[in-house]
Amino acid sequence: MIKGLFKRLFKDKKLRLSHPRLLIYQELSNAKTPLSPQELYQGLLKKKRRIGLTSTYRSLDLFESLGMVFKIMNGSNVKYKLCELEDHHHHIICKGCGNVVELNFCDISDWSQKVMESTGYQVTDHQLSFYGFCKACKPLQRPQSAE
């Protein structure tokens, strides 16, 4: 997500764009890999940026609720990646190296309809993530036998 879109999103949602939020956005946008809240915090401290760890967690929660970041959970480890796509999208995560690719398509309307019919719920939103092994990590995996 480019800086102009980031600022516009905050303005459109009538949210305050504080200095800590901007610092966290900048750190995430410069990151080559997803970062944990602690890695973000430590990276900002190394750059002599004054920010609290609590502000880091709160900003990441806000960014996630706005769809600006993707939260990657692997057991007790949590990392965040800044989304490059502005619109609704999904992700595929490599179980080997943790690389995340954004998928700019979503055509599950038939599936949503089946969910509504079978549960009686009115579906208002969804989240869908795919997991697997990227081209680089796939050869490192041993074939699993069909049992």
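Given the structure is predicted, the values throughout are model-derived calculations rather than measurements.

1. Let's talk about the overall build of the chain
Thought 1: Secondary structure summary: the chain contains 5 helices and 5 strands in total.
Thought 2: Along its sequence from the N terminus, the chain presents helices and strands in the succession α-α-α-α-β-β-β-β-α-β.
Thought 3: Projecting the C-alpha coordinates of the chain onto the three principal axes gives extents of approximately 55 × 40 × 25 Å.
Thought 4: Counting only residues that meet the buried cut, the chain has 31% of its 147 residues in that class.
Thought 5: Long-range contacts, defined here as pairs at least 24 residues apart, represent 45% of the contacts in the chain between residues at least 6 apart.
Thought 6: Carbon and sulfur atoms form 50% of the exposed surface of the chain, whose accessible area is close to 10,800 Å².
Thought 7: When the 23 basic and 14 acidic side-chain charges of the chain are each reduced to a single mean position, those positions are 12 Å apart.

2. As for the packing of helix H2 (residues 19-30) against helix H3 (residues 37-46)
Thought 1: Two numbers describe how H2 lies on H3: the axes approach to 10 Å, and their chain directions differ by 100°. Relative to H3, the element H2 is oriented roughly perpendicular. Facing H2, whose interface residues are Leu 23, Ile 24, Glu 27 and Leu 28, H3 presents Leu 40, Gly 43 and Leu 44.
Thought 2: Residues of the contact of H2 with H3, tallied by class, amount to 5 nonpolar, 1 polar and 1 charged.

3. Observations concerning the packing of aromatic side chains
Thought 1: The final tally for this structure, using the stated rule, is 1 aromatic pair.
Thought 2: When the ring of Phe 10 is compared with that of Phe 63, the centres are 6.1 Å apart and the planes differ by 85°; the resulting orientation is edge-to-face. Residue Phe 10 is located in helix H1 (residues 3-12), and its partner Phe 63 is located in helix H4 (residues 53-65); the two are separated by 53 residues in the primary sequence.

4. Some details on the environment of Ile 92
Thought 1: Along the polypeptide, Ile 92 turns up in strand E3 (residues 90-94).
Thought 2: Residue contacts for Ile 92: discarding those within four places in its chain leaves Asn 99, Val 100, Val 101, Leu 103, Phe 130 and Tyr 131.

5. Description of H1
Thought 1: Of all the residues in H1, the buried ones are Phe 6, Leu 9 and Phe 10. When H1 is viewed along its axis, its buried side chains cluster within an angular range of 95° and face the same direction. Along H1, exposed side chains directed more than 90 degrees from the buried face belong to Lys 11 and Asp 12.
Thought 2: Summarising the contacts, the buried residues of H1 are in contact with H2 and H4.
Thought 3: Two residues or fewer past H1, Lys 14 is found with a positive phi of approximately 55°.

Rules used in this analysis
Residues numbered from 1 in each chain as written. Predicted model: local features only at pLDDT ≥ 70, side-chain atom pairs only at ≥ 80, totals over all residues. Heavy atoms only, no water. Helix = DSSP H or I, 4+ residues; strand = E, 2+ residues; numbered from the N terminus. Buried < 20%, exposed > 50% of the residue type's maximum accessible area, 1.4 Å probe, protein only. Contact = heavy atoms within 4.5 Å. Areas by Shrake-Rupley, 256 points an atom, 1.4 Å probe, with all protein chains shown as cover. Lys, Arg positive; Asp, Glu negative; His and termini not counted. Charge placed at Lys NZ, Arg CZ, Asp CG, Glu CD. Axes fitted to C-alpha atoms, helices over the stretch in contact; angles between N-to-C directions. Parallel < 35°, antiparallel > 145°, perpendicular 65-115°, else oblique. Nonpolar A, V, L, I, M, F, W, Y, C, P; charged D, E, K, R; others polar. Phe/Tyr/Trp six-rings, centres within 6.5 Å; stacked < 30°, edge-to-face > 60°. Arc of directions from axis to C-beta.

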